[in-house]
Structure formats: structure tokens, C-alpha cells
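Notes for the structure review
Listed here are the chains, written in short residue letters.
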Amino acid sequence: SINVPEKEVLKEQKQLTMISIGTIILCMIICSIIALFIGKFMARNITKLSEIVDKTSKLDLTRDKSIRNLLEYKDEVGYMANAVYNMRHILRDMIEDLRHDSLNTSQYATNLSAIITETSESINEISSTMSELSGGASKQADVAQNGLEKLMILANEIENVSNSSNLVKNYV
């Protein structure tokens, strides 16, 4: 049987253990560096997306080219970027619709104001005409009253003449 000294067997085992530990530490360092780069990359994209969401919350809907890059990712950041992009597009459309409706409402209000002004002027003219007619009717009533009084006086005078003529007839 072969006899190998225990020291030599343990020596190789120590070397393998040291190499394994060194390899594990080296792999951990490399994995940590890779994880750091991936984390910074993801954090940068999330930060860009957060800035865009913050702009949107302040109703700053100006077109932002940085969101285009985020739309290309097929991970959660890309999905969120797509949702934010669609929301901003819908908000822009709504604001445009509101602007259009506001202009229409303003035009309708202007037209309504002009119609109200015309109606008011017409009512004033009708009121003035009614006043003139009322004044004319009052004058006509005064003239008619005056004419009636003169007619009554004439009728009395005719009756007096008729009575006088009857008296003269009876004496003759």
C-alpha cells in the first residue's frame, strides 16, 4: 500500500480551499460590479420616467424626447413609460378639445351678447313707439273731447236758434 504523508494531502486540500475561496470572492466582486451597473442603469431609467411623471403632474405636457428611448425597453420601465406616454397623449387631446370647446363657447357668448343687445334696442324702440302712440292717443282724445265740447255748444246754440225761431213763428 502506498503511504502518502498526511501533510501533503492536507497541503493540496488547503491550496484547493484557498483557490476556491479566492474564486468565490472574485466572482462576488464581479457580480457586485455587474449588479451595480445594472442597478444604476435601471435607476437612471426610473429617474427619467419619474421626471416625466413629475412634469405631467404639473400639467407640463410639452413633448419630451427622452420618453422615446424609454418606450423601447421591454421591461417594467418600458411598460410604465408606454402608459405615461399614452396618458400624456390623451391629456394633450383633452386640452385641445377643451380649447376648441372654449373658443366655441366664447363665440356663442359673443353672438348671444349681440342678440341681447339687438333685442334690448328693439324693446327700447317699441317702448318709444308705444310712448309716442300713447301720447298721440292722448292728444287725439283731447282733440275729440274739445270737438265734443264745441259740438255740444253748437247743439245748444242750434236749439236756442230753433227755440227763437219757433217763438218768432208763433208771434207772426
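Residues numbered from 1 in each chain as written. Predicted model: local features only at pLDDT ≥ 70, side-chain atom pairs only at ≥ 80, totals over all residues. Heavy atoms only, no water.

For the rest of this paragraph, the subject is the overall build of the protein chain. Per the secondary structure count, the protein chain includes 3 helices and 0 strands. In sequence order, the protein chain lays out its α and β elements as α-α-α. For a compact globule of 172 residues, the expected C-alpha radius of gyration is about 16 Å, and the protein chain comes in at 55 Å, more than 25% above that figure. Each principal axis of the C-alpha distribution contributes one length, and for the protein chain these read about 205 × 25 × 20 Å. Looking at the protein chain residue by residue over its 172 residues, the buried ones come to 8%. Within the protein chain, residue pairs in contact and separated by at least 24 positions form 60% of the contacts whose partners lie at least 6 positions apart. Split by element, the accessible area of the protein chain, about 14700 Å² in all, is 63% carbon and sulfur. Once the 18 positive and 22 negative side-chain charges of the protein chain are each reduced to a mean point, those two points are 17 Å apart. (Helix = DSSP H or I, 4+ residues; strand = E, 2+ residues; numbered from the N terminus. Rg over C-alpha atoms; globule rule 2.2 N^0.38 Å. Buried < 20%, exposed > 50% of the residue type's maximum accessible area, 1.4 Å probe, protein only. Contact = heavy atoms within 4.5 Å. Areas by Shrake-Rupley, 256 points an atom, 1.4 Å probe, with all protein chains shown as cover. Lys, Arg positive; Asp, Glu negative; His and termini not counted. Charge placed at Lys NZ, Arg CZ, Asp CG, Glu CD.)

In the structure shown here, the tally under the stated rule is 3 salt bridges. Across the pair aspartate 64 and lysine 55 runs a salt bridge, and its minimum N-O distance is 3.0 Å. Given a relative accessible area of 31%, lysine 55 falls into the partly exposed group. The partner of arginine 99 in a salt bridge is glutamate 96, with the nearest N and O atoms 2.8 Å apart. Residue arginine 99 and its partner glutamate 96 are both found in helix α3 (residues 76–171); the two are separated by 3 residues, about one turn of the helix. Residue class for arginine 99 comes out partly exposed when judged on its relative accessible area of 47%. (Salt bridge = Lys/Arg side-chain N within 4 Å of Asp/Glu carboxyl O.)

Non-glycine residue leucine 59 carries a positive phi angle of around 60°. The topology assignment puts leucine 59 in the loop between α1 (6–57) and α2 (66–71). We classify leucine 59 as exposed; its relative accessible area is 61%.

Before going further, it helps to spend a moment on α3. With 96 residues, α3 should reach 142 Å at 1.5 Å per residue; the first-to-last C-alpha distance of 138 Å fits that figure. Those residues of α3 that fall on the buried side of the exposure criterion are Val77, Gly78, Ala81, Val84, Arg88 and Arg92. (Expected span 1.5 Å × (residues − 1).)

It is worth spelling out the packing of aromatic side chains at this point. Applying the stated criterion across every chain yields a total of 1 aromatic pair. Judged by centre distance (5.7 Å) and plane angle (75°), the ring pair of phenylalanine 41 and tyrosine 73 falls under edge-to-face. Of the two residues, phenylalanine 41 is situated in helix α1 and tyrosine 73 in the loop between α2 and α3; the sequence distance between them amounts to 32 residues. The partly exposed category is assigned to phenylalanine 41, whose relative accessible area is 36%. (Phe/Tyr/Trp six-rings, centres within 6.5 Å; stacked < 30°, edge-to-face > 60°.)

With 7 residues, the main nonpolar core is built from Leu49, Ile52, Ile67, Leu70, Val77, Ala81 and Val84. Of all the secondary structure elements, the ones that give two or more residues to this core are α1, α2 and α3. Ranked by residue count, the leading element in this core is α3, at 3 residues. When neighbours within four sequence positions are excluded, valine 84 is seen to be in contact with Leu49, Ile52, Val53 and Ile67. (Core = buried A, V, L, I, M, F, W, Y, C linked by side-chain atoms within 4.5 Å.)

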